[in-house]
Amino acid sequence: MAALFHKVLIANRGEIALRVQRACREMGIPTVAVHSTADGEAMHVRLADESVCIGPPPARDSYLNAAAILSAAIITGADAIHPGYGFLSENAEFADMVEAHGLTFIGPTAAHIRMMGDKIAAKAAMAELGVPLVPGSDGEVASIEDARRIAAQIGYPVLVKAAAGGGGRGMKVAQDADGLEEAWRVARTEARAAFGNDAVYVEKYLDRPRHVELQVLADGAGGVVHFGERDCSLQRRHQKLLEEAGCPVLSAEQRARLGETATAALRQLGYRNAGTLEFLYQDGQFAFIEMNTRLQVEHPVTEMLCGVDLVREQIRLAAGEPLGYGQAEIGFTGHAIECRITAEDPETFAPTPGMVTAYHAPGGLGVRVDSALYAGYRVPPYYDSMVAKLIVHAPTRAQAIARLERSLAEFAVVGIKTTLPLHQRIVAAPSFQSGEYDIHWLERFMAGE
Ligand code: ADP
């Protein structure tokens, strides 16, 4: 079989650049790595077929430098670009530029990236397609007077959220009418600074929801399937730390019903490639919050649960292949859990870049480590602090937890502090083991409650 692409440029770094490189290599597709001057010794560069330096350490000059990345693709003869997650992965202009230069963007259409990147537009589109939403304003809230009126209607507490938000930024809770003005002002200021867009909307702040998200793949020609849900409720400052598939409190019927609603909506939209619909789940009800039009950090738990290579599927779909299978062919086996391990102090979360003097990753049955670390590697201070993902898979949730405990105990990253000890504490907690947690559990747990 001829390779689907001649050569793929991977516009990312760290573990996700390696992840994509591995899928390409198994498909017989050569890859080009790009890197900043801070990353010359990075594993994704060392293992690449070819590499191109695209600029100085700050991400805006290198990994976000669309012109440098496109030039690298053109001079190396790449015919497709995989953006990974973060950086340019949800940048519709970049997707447009890639296609305008005759290359394939391995992801959804720029129009869908643009639509879902605006959370107000995304909610409107999903509501139209019959997907239930978190109660809130009907679109942008342009004045504090409107915010007051809407908040009074839906009832406090409320959340002021940035239309362009991401990574937990541009989101502020107002407990009551007195706190609304401050939440409104801070959310807008943060949104303007981080995203250059201060449009905000108001949502009911649910008091104890779980974050449950659905992985989908689509071919843009009617083929749409889901790979079940991930529970990502273990969060700090609205950022995920540990994810599991499936959700410990969801039944197979609930999964199927959620899947039907979501896939029907995406079929109508003509969506293609990978995507994730995020929901809050409380009192037996799902409510849509946003859609991510890319591969997610936590995709491996789904891969383990369903035995699918999501990156391979993304590449196939981007090359124009049909999905080639239906929902009935997707099975869910056992249980998978992922820990995001960061180069941070496990108590204060202060970043801890520096030299890794010794490194030992756990192994054995049902254990997967996605990481670009090695002994002698210096973690640079310029980028996201996640340095490894530990993923376990086992027949039952209880066995997965036992496997996770023993794998965390084997994992050694010497020379820098990491959040490994925090994950050990979480996994040993009876209230985590019971599966009865919500999005506020972790912060309460860390506060010693
Ligand atoms: P971002 O794009 O910044 O990640 P999301 O809309 O995905 O923002 O929300 C991130 C997290 O914030 C959710 O997983 C959830 O924990 C919390 N959150 C978002 N909306 C609400 C809400 N209406 N009520 C309670 N918590 C929420």
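Quick caveat: nothing in here was measured; it's all calculated off a predicted structure.

Enquirer: Mind showing me how you'd approach the domain arrangement of the chain here?
Expert: When the parts of a complex come together, some accessible area is lost, and that lost area is often taken as the interface size. When its domains are assigned, the chain resolves into domain 1 (8-106), domain 2 (135-204) and domain 3 (210-446). Across the boundary between the two partners, domain 1 contributes 34 residues, which contact 30 residues of domain 3. Taken together, both faces of the contact between domain 1 and domain 3 bury some 2,400 Å²; the carbon and sulfur share is 60%. Counting the contacts that link domain 1 with domain 3 gives four salt bridges. E90 is paired through a salt bridge with R294; the nearest N and O atoms lie 2.8 Å apart. For the pair domain 1 and domain 3, the number of links is 10 residue pairs in polar contact (both at pLDDT 80 or more). Secondary structure elements with two or more residues in the side of domain 1 that touches domain 3: α1 (14-26), α2 (43-46) and β5 (104-105). The leading source of residues in the side of domain 1 that touches domain 3 is α1, at nine residues.

Enquirer: Looking at this structure, I do not really get the sheet that holds β5. What am I missing?
Expert: Paired through their backbone hydrogen bonds, the strands of a sheet run either parallel or antiparallel. Read across the sheet, five strands follow the order β3-β2-β1-β4-β5 without closing on themselves; strand pairing throughout is parallel. The open sheet terminates on both sides in strands that have one partner only, identified here as β3 (50-55) and β5. Examined bridge by bridge, strand β2 (residues 31-36) and β3 share five bridges and lie parallel to one another. Each bridged residue has a counterpart across the sheet, and for A33 the counterpart in β3 is S51. Against the sheet, α1 touches β1 (8-10), β2 and β4 (80-82), its axis set at about 165° to β1.

Enquirer: I tried to follow the side chain of T419 on my own but got confused; where do I start?
Expert: Inspection of the secondary structure assignment puts T419 in the loop between β20 (412-414) and α13 (420-428). Classification of T419 by relative accessible area gives buried; the value is 1%. Within the structure, T419 has its side chain in polar contact with the backbone nitrogen of T342 (distance 2.9 Å). What T419 contacts, discounting residues up to four positions off in sequence, is R340, I341, T342, E344, P346 and F349.

What counts as what
Residues numbered from 1 in each chain as written. Predicted model: local features only at pLDDT ≥ 70, side-chain atom pairs only at ≥ 80, totals over all residues. Heavy atoms only, no water. Domains from an automatic or database assignment. Contact = heavy atoms within 4.5 Å. Buried area = accessible area lost by both parts, 1.4 Å probe. Salt bridge = Lys/Arg side-chain N within 4 Å of Asp/Glu carboxyl O. Polar contact = N/O pair within 3.5 Å; in protein donor to acceptor, adjacent residues only side chain to side chain. Helix = DSSP H or I, 4+ residues; strand = E, 2+ residues; numbered from the N terminus. Pairing = 2+ DSSP bridges. Axes fitted to C-alpha atoms, helices over the stretch in contact; angles between N-to-C directions. Buried < 20%, exposed > 50% of the residue type's maximum accessible area, 1.4 Å probe, protein only.

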